[in-house]
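Residues per chain are reported as follows:
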Amino acid sequence: MTLPKDIRTSLDVEELPKKWYNLAADLPGRLKPPLNPKTMEPVRPDELSSLFCDKIIKQEMSTERFINIPGEVRDNLVHLCRPSVLQRAYRLEKHLKTPAKIYFKREDMSPLGSHKGNTAIAQAYYNAEAGIHTLTTETGAGQWGTALAASCNLFDIKATVFMVRGSYDHKPTRKIVTELYGGTIYPSPSVHTEYGRKYLKEHPDSIGSLGIAITEACELAMKDPGTCYALGSVLNHVMLHQTVIGLELKEQMKKAEIEPDVMIGCVGGGSNFAGFSFPMIAEKIKGNTECEFLAVESKAAPSITGGEYRYDLGDTGGFTPMLMMHTVGHDYVPPSVHAGGLRYHGMSPLVSAAVEQGYVNAVAYDQLETFEAGETFAKTEGIIPAPESNHAIKAAIDEAIRCRQTGEEKSIIFCLSGHGMLDLNGYSEYLDGSMKSSS
Ligand SMILES: *Cc1c(COP(=O)(O)O)cnc(C)c1O
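S.K.: Looking at this structure, how should I read the nonpolar core?
M.R.: One broad rule of soluble globular proteins: the nonpolar side chains tend to lie buried together. Core analysis: the largest hydrophobic core is formed by 87 residues, its most contacted members being Trp20, Tyr229, Phe278, Val360 and Ile413. Sort the elements by how many residues they give to this core and helix α12 (residues 271–285) lands first, with seven residues. Contacts of Ile413, omitting those with residues within four sequence positions, involve Leu86, Tyr103, Leu249, Met253, Ile258, Pro260, Val262, Met263, Ile264 and Phe276. One finds Leu92, Tyr365, Ile397 and Leu416 within the second-largest nonpolar core, a separate group that totals 27 residues.

As structure tokens, this is what we get:
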């Protein structure tokens, strides 16, 4: 058997991007600004300063096309195995008997287990530089909490993580990993904030939600000037930091002479999808590619396919600005599915705008069918994907099966946002038949 030349496309360390790409510079029409929920006026930068340091606020509001990646951030990204490999899923193609070519960008290779380190490093760097001593945050599945704890440790600041209780109880290994990196982790709703105590009084058995955990993390940040808040998805600066994925991918596709027909990513708040696709969406806006972009959500929190495009709060308690986004409503508490990273009520305003302008399509799947796709991927490619990533894999498999029926030799590329080695509980329920439908 001769392997195809494009089985694996790597870049050298020096080829790691030197600048992030900002889609806000190229999306036609102005982005709708975040609003202060009390006045419904656009938020001024100084109103965000109790939550974020100045450089992060500047990036959040920037419409500059390219923004320099600080040297120290680049050095640390190299330690997270960047540039990450682009691989062809040759055995999956054979198994599906499809004429399509399937490629995947390997964010699972990071020692932090997912793409989350790409922004965690940058956020820890800027906050440490600004003299902040603690970052607070929320985490759903746990990937973001562990990534932020590891990154804060590298820059000598503290991390306090509120983990959605449903996930916290399911995934005891996340606590170990967070604490090993020096972070503090609480199940949310918790007794450590006023909001958490109030919520627990009314809902003592709450499994929590990302919206509640964000409220708790913001409360601590607002109370102490030396503490800032870090968000692992949704906001523009997070999408920006993740574009190293798509910028690398563009170089890799050039090297391997791949012309993508469909690019697929799972979406919780939208960050791995954004990072993976925005540099190519820029080409689509310029008319340089016919590639289609598909965002895949969980039926447990279908903000694009089942929600509305409107202003909504980013959290449950009302500490965050109102964002113009696809949302199922900020007080929606999604069912406890294993793809915890996809249990967010809203969607990145940049991804939402790209959907509204017709550059991105969306689809939602039930967790059972996505775990089935993950099992197929594990058996053919040998990699156990994160439950979130299974959504992208399911969509890629469906597209490849359509190609089998039509005979089209499409190039399908998906983002493998993370591995599932710390999510084996989900696979265990899948295998023993106790997994519930998510819709
Ligand atoms: C957090 C996470 C997601 C969902 O978040 P996005 O911001 O939409 O990328 C997807 N996959 C993995 C592995 C995650 O950890």
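S.K.: Would you explain the packing of aromatic side chains in this entry?
M.R.: To describe a pair of aromatic rings, one takes the distance between the centres and the angle between the planes. For the coordinates displayed, the defined rule picks out eleven aromatic pairs. For the ring pair Phe162 and Tyr186, a centre distance of 5.7 Å and an interplane angle of 50° mean the geometry is tilted. Of this pair, Phe162 sits in strand β7 (residues 158–164) while Tyr186 is found in strand β8 (residues 184–188), placing the two residues 24 residues apart along the sequence. You can call Tyr186 partly exposed: its relative accessible area is 23%. Where Tyr195 meets Tyr199, the ring centres are 6.0 Å apart and the plane angle is 35°; that geometry is what we call tilted. Of this pair, Tyr195 and Tyr199 both sit in helix α8 (residues 194–202), four residues apart, which is roughly one turn of that helix.

S.K.: Help me understand the environment of Thr184 in this model?
M.R.: With respect to the element layout, Thr184 can be found in strand β8. Residue classification places Thr184 among the partly exposed positions, given a relative accessible area of 34%. The sequence separation of Thr184 and Leu80 amounts to 104 residues, and the corresponding C-alpha distance is 22 Å.

S.K.: It is not clear to me how the sheet that holds strand β6 (residues 134–139) should be interpreted in this structure. Could you clarify?
M.R.: The strands making up a sheet are joined through hydrogen bonds of the backbone, oriented either antiparallel or parallel. The four strands are arranged β8-β7-β6-β9 in an open sheet whose pairing can be described as parallel. A strand with exactly one partner marks an edge of an open sheet, and here the two such strands are β8 and β9 (227–229). Strand after strand, the sheet turns through a mean of 25° between neighbouring axes, direction not considered. Of the strand pairs in this sheet, β7 and β8 are connected by five bridges, and their pairing is parallel. Note that in β8 the partner of Phe162 across the bridge is Tyr186.

S.K.: Help me understand the state of the cysteines, please; the structure alone is not making it clear to me.
M.R.: Put plainly, a disulfide is one covalent bond tying together the sulfur atoms of two cysteines. Considering all chains together, one arrives at zero disulfides under this definition. Free of any disulfide, Cys53 has its nearest cysteine sulfur in Cys228, 5.9 Å distant. According to the relative accessible area criterion, Cys53 is buried, its value standing at 6%. Sulfur of Cys415: no disulfide; nearest cysteine sulfur belongs to Cys266 and is 7.1 Å away. When its relative accessible area of 0% is taken as the criterion, Cys415 is described as buried.

S.K.: Can you walk me through the sheet that holds strand β10 (residues 262–266) in this structure?
M.R.: The sheet built from seven strands is open, its strands ordered β1-β4-β5-β15-β10-β11-β14 with mixed pairing. Of all the strands in the sheet, the pair left with one neighbour each is β1 (8–9) and β14 (361–365). With five bridges connecting them, strand β11 (residues 292–298) and β14 associate as parallel partners. Directly across from Leu294, in β14, lies its bridge partner Asn361. The strands touched by α12 are β5 (101–106), β10, β11 and β15 (411–416); relative to β10, the strand with the most contacts, the crossing angle is about 155°.

S.K.: Got a minute to help me understand the site of the ligand in this structure?
M.R.: Lining the immediate environment of the ligand, one finds 18 residues, of which Lys116, Ser233, Gly268, Ser271 and Ser417 sit closest. The separation between an oxygen atom of the ligand and a polar main-chain atom of Gly270 is 2.8 Å. Burial of the ligand by the surrounding chains reaches 97%, relative to a free accessible area of 380 Å². Counting atoms within 2 Å of the grid points, the majority share of the ligand lands in the largest cavity. Here the shell around the ligand is composed, by residue class, of four nonpolar, twelve polar and two charged.

S.K.: Looking at this structure, I do not really get the pattern of salt bridges. What am I missing?
M.R.: Taken as a whole and judged by the stated rule, the model has 24 salt bridges. For Asp46, the salt bridge identified is with Arg44, shortest N-O distance 3.1 Å. By relative accessible area, Asp46 is classed as partly exposed at 49%. Judged by its relative accessible area of 46%, Arg44 falls in the partly exposed class. Here Glu308 makes a salt bridge to Arg310, at a shortest N to O gap of 3.3 Å. Under the relative-accessibility criterion, Arg310 is labelled partly exposed at 29%. Linked by salt bridges that have partners in common, Arg82, Lys105, Glu107 and Glu248 make up one network.

S.K.: I'm lost on the side chain of Thr146 in this one. Help?
M.R.: Tracing the chain through its elements places Thr146 in helix α5 (residues 143–154). Looking at Thr146, its side chain comes within polar contact range of the main-chain oxygen of Gly142, at 3.1 Å. Not counting residues within four places of it along the chain, the set of residues in contact with Thr146 comprises Leu112, Arg174, Val177, Thr178 and Tyr181.

S.K.: Help me out: how do you make sense of the pairing of β10 in this one?
M.R.: Sheet faces and side chains relate simply in a regular strand, where the side chains alternate between the two faces. Of all five residues making up β10, five are buried, and the element is well covered by its neighbours. Side chains Val262, Ile264 and Cys266 project from β10 onto one buried face, and the interleaved Met263 and Gly265 project onto a second face that is buried too. Bridge count between β10 and β11: five bridges; the pairing is parallel. Its bridge partner being in β11, Gly265 is matched across the sheet by Ala295. Read from β10 through α12 to β11, the crossover connection turns out right-handed. Bridge analysis of β10 against β15 gives three bridges, and the strand direction is parallel. Bridge pairing in β15 links Met263 to Ile413.

Conventions we followed
Residues numbered from 1 in each chain as written. Predicted model: local features only at pLDDT ≥ 70, side-chain atom pairs only at ≥ 80, totals over all residues. Heavy atoms only, no water. Core = buried A, V, L, I, M, F, W, Y, C linked by side-chain atoms within 4.5 Å. Buried < 20%, exposed > 50% of the residue type's maximum accessible area, 1.4 Å probe, protein only. Helix = DSSP H or I, 4+ residues; strand = E, 2+ residues; numbered from the N terminus. Contact = heavy atoms within 4.5 Å. Phe/Tyr/Trp six-rings, centres within 6.5 Å; stacked < 30°, edge-to-face > 60°. Pairing = 2+ DSSP bridges. Axes fitted to C-alpha atoms, helices over the stretch in contact; angles between N-to-C directions. Disulfide = S-S within 2.5 Å. Near = heavy atom within 4 Å. Polar contact = N/O pair within 3.5 Å; in protein donor to acceptor, adjacent residues only side chain to side chain. Areas by Shrake-Rupley, 256 points an atom, 1.4 Å probe, with all protein chains shown as cover. 1 Å grid on protein atoms, 1.4 Å probe; cavity = no way out; pocket = protein on both sides within 12 Å on 5 of 7 lines; lining within 4 Å. Sits in = over half its atoms within 2 Å of the grid points. Nonpolar A, V, L, I, M, F, W, Y, C, P; charged D, E, K, R; others polar. Salt bridge = Lys/Arg side-chain N within 4 Å of Asp/Glu carboxyl O. Right-handed = clockwise from strand over helix to strand, strands pointing away.

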